[in-house]
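# Residue-level structural notes
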Amino acid sequence: MLSVWYPATRMQQGLWVLDRDELQRPTQLVPSVVEFTGEVDHGHLVEAARLTLARHPSLRARFRFDLGRRRVEYRTDGEPGPVLLRDAEAEGLTGAEADAYVRTLCGTPFDLAADAPARAVVVRLDARRTLLVLVSHHIVVDGLSRTMLLEEIFTVYRARLAGTVPRLSDPPHPASVVPERPPEEIAAQVDEVVERLRGAPVDVPLPFERGAGDDLEAARLGATVTTRLDADRTAKALAVAAEEGCTTFMLGVALLSATLARNSGQRDFLIAFAWPGRDHPDAGDVIGMFITTVVLRISLEPGTTWRDLLGAARIAAMEAFMDADVPLDALAARLNPDRTRIWPPLTPVLLNLDDAPHTPVLAPGVTGRLRPLDPLYVKYDLAAFVRITDDAEGRRLELSLDHPTDVTDPMAVSAFLTDLRRSAADLATSPEEPVLEQPARTIDLDDPEERLDLVRSVWREVLGIEDTADDPDDDISFFESGGDSLLLVVLVERLSQASGRTLRTIDLFRSATVSGQADLLAKPAEAL
């Protein structure tokens, strides 16, 4: 039986090209590491993953380049990828050895011509802890597909536990939901978008400098820093955004562009973001790579208020949404023909709405969490993510930054994140004020995150910590973190100076952690 070869989409062709570069190959992986706590039937979980990987045509794909047709194409009649079970406890693996094994799984590329582009391993750590490591290639899995894959595995697992047959729809073939567009229509749309973006700088002054770049592999490794707005300011910021007809993503566009402008002389920005690309009515439930990278343009004037900027973010996003199917490579060829890097082609800055399933549900009595990716590979010099979370305090706006680890001053990244949160606070409390008329920087001791940032920064100074990645945990004692009684005296003096509060040695001795000292600063000055 002859194999049927389907043409890859333009986005898939671009990903195939990136996969040819050894340094870029790990960045094309989509790993998910879910840690479960509770009683898990490992046999059922393995079989659930096997059934899921075997059901979807895209996960059985093999790719090739047809020289005659000058196109990348794929077939979907290959065998599915392997699903394995490892018992770390029975094998005597230490925690460090198990973590190293997971890192290897998450960083091992696929051979797209020979391998199925998805694989999974169930790792039994001990009687109460289990990992599901699911690794796919971006050429067949986008963010929505990853979520659907995990949910389907969990659905099949629950059905097997109950001894029932899961109700699953027959997955359409991804090629059947890709609309065909005439070349002249695409060319006309490219012309229109080029005119809208023409003249905007294709670079962005970032809040940090990269290293010399001698270690190209290390330059692709990244780290994440995260902060959150308090519930009151979150409610105000979301209310202002809603009044201007803005989504959470559009709010993120306004905050990121404002913070970039406040930290530089640039006022005109190109910002990339991911578009789901599932315009076909039958594409909603298809596992595949439909996402496209879209670029929007946003600019500020000296008198632009926060409300003005939200309105501009809304218009910029809507224009970009309407042209989300324009090929990015065609835009890059016209707007940035002298680029020397494969990726990113138009801007080093990305913004996305973070909608990953942070609390996976496997079965009753089993709690799940997505582990942070280790290693984290980055494509963009700065990738910002916005998300709304719910906790005991209420709804909160969460802001995070993915950045390369080879920056010369990691503290600059944390400082920019603090500025990003301050922008959110300014928008929430002073929406009619001009964005660029930034007041003198002061510490807002009413903001829990500002207090934490302040205490962390003073600890770094006193303890001689040069990299934020080496920060002690917020609930670890100052003395367990390398401090002593002499350094505590220095800490009292520096924290008093930085906060404007008169602190006593006994106060910090009793509240010896970052979180404890941040709470101490929340008290009225006369109570200290």
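The structure we're discussing is the one just above.
Notes on the structure follow. Since the structure is predicted, the reported quantities are computational estimates derived from the model, not experimental observations. All residue numbers refer to positions counted from 1 along the written sequence of the respective chain. Local features in this predicted model are restricted to residues of pLDDT 70 or higher, and side-chain atom pairs are both shown and tallied only at a pLDDT of 80 or more, whereas totals for entire chains, interfaces and linings draw on every residue. Note that water and hydrogens are dropped before the side-chain values are worked out from all heavy atoms of the structure.

### Observations regarding the nonpolar core
Rules: What is meant by a nonpolar core is a set of buried Ala, Val, Leu, Ile, Met, Phe, Trp, Tyr and Cys residues, joined one to another through side-chain atoms within 4.5 Å. Buried means the residue's accessible area, taken with a 1.4 Å probe over protein chains only, is under 20% of the maximum for its type, while exposed means over 50%, and partly exposed covers the values in between. By definition in these notes, contact holds between two residues if any of their heavy atoms fall within 4.5 Å.
Ranked by size, the top nonpolar core spans 78 residues in total, and within it Phe36, Phe63, Val133 and Leu362 carry the most contacts. Leaving out residues up to four positions away in the same chain, Phe36 has contacts with Leu45, Arg128, Arg129, Thr130, Leu132, Phe154, Leu362, Val366, Thr367 and Gly368. In terms of nonpolar packing, the next biggest core, distinct from the first, is built from 53 residues, Ile271, Ala313, Val349 and Leu401 among them.

### Things to note about the packing of aromatic side chains
Rule in force here: A pair of Phe, Tyr and Trp rings is counted when the ring centres sit within 6.5 Å of each other, with Trp represented by its six-membered ring. The angle between the planes then sorts it: under 30 degrees is stacked, over 60 is edge-to-face, the rest tilted. Counting from the N terminus, the helices are DSSP H or I runs at least four residues long and the strands are E runs at least two residues long.
Under the criterion given, the structure shown has eleven aromatic pairs. Look at Trp459 and Phe478: their rings are 5.2 Å apart centre to centre, the planes differ by 75°, and that puts the pair in the edge-to-face class. With Trp459 in helix α11 (residues 448–463) and Phe478 in the loop between α11 and α12 (485–499), the pair connects residues that are 19 residues apart, well separated along the chain. According to the relative accessible area criterion, Trp459 is buried, its value standing at 1%.

### Brief notes about α11
Our working rule: Helix span is expected to be 1.5 Å times the residue number reduced by one. What qualifies as a polar contact is a pair of N or O atoms within 3.5 Å, subject to a donor-acceptor requirement within protein and to the restriction that residues adjacent in sequence count only when both atoms come from side chains.
Counted at 1.5 Å a residue, the expected span for α11 with its 16 residues is 22 Å, and the 22 Å between its end C-alpha atoms agrees. The buried count for α11 comes to twelve of 16 residues, which makes it a mostly enclosed element. On its buried face, α11 sits against β8 (221–228), β15 (394–404), α10 (410–429), α12 and α14 (514–522). The N-capping residue of α11, defined by a side-chain oxygen 2.9 Å from the backbone nitrogen of Glu449, is Asp447. Of the residues one or two after α11, Gly464 is the one with positive phi, at around 75°.

### Some details on helix α9 (residues 328–335)
To keep it simple, the criterion reads: Note that the arc is defined by the directions from the helix axis to the C-beta atoms.
Residues of α9 that are buried: Leu328, Leu331, Ala332 and Leu335. Projected down its long axis, α9 shows its buried positions confined to an angular sector of 100°, all on one face. If you follow the buried residues of α9, they end up packed against α5 (183–197) and β10 (292–299).

### Quick word on the sheet that holds strand β4 (residues 71–75)
What counts is decided by this rule: The pairing criterion is simple: DSSP has to find at least two bridges between the two strands.
Spatially, β1-β4-β3 is the arrangement adopted by the three strands of the open sheet, whose pairing is antiparallel. Strand pairing shows two members of the sheet lacking a second neighbour, β1 (6–7) and β3 (62–66), which therefore form its edges. Summarising the sheet, β1 and β4 pair through two bridges and their orientation is antiparallel. Looking at the pairing, Pro7 lines up with Glu73 of β4.

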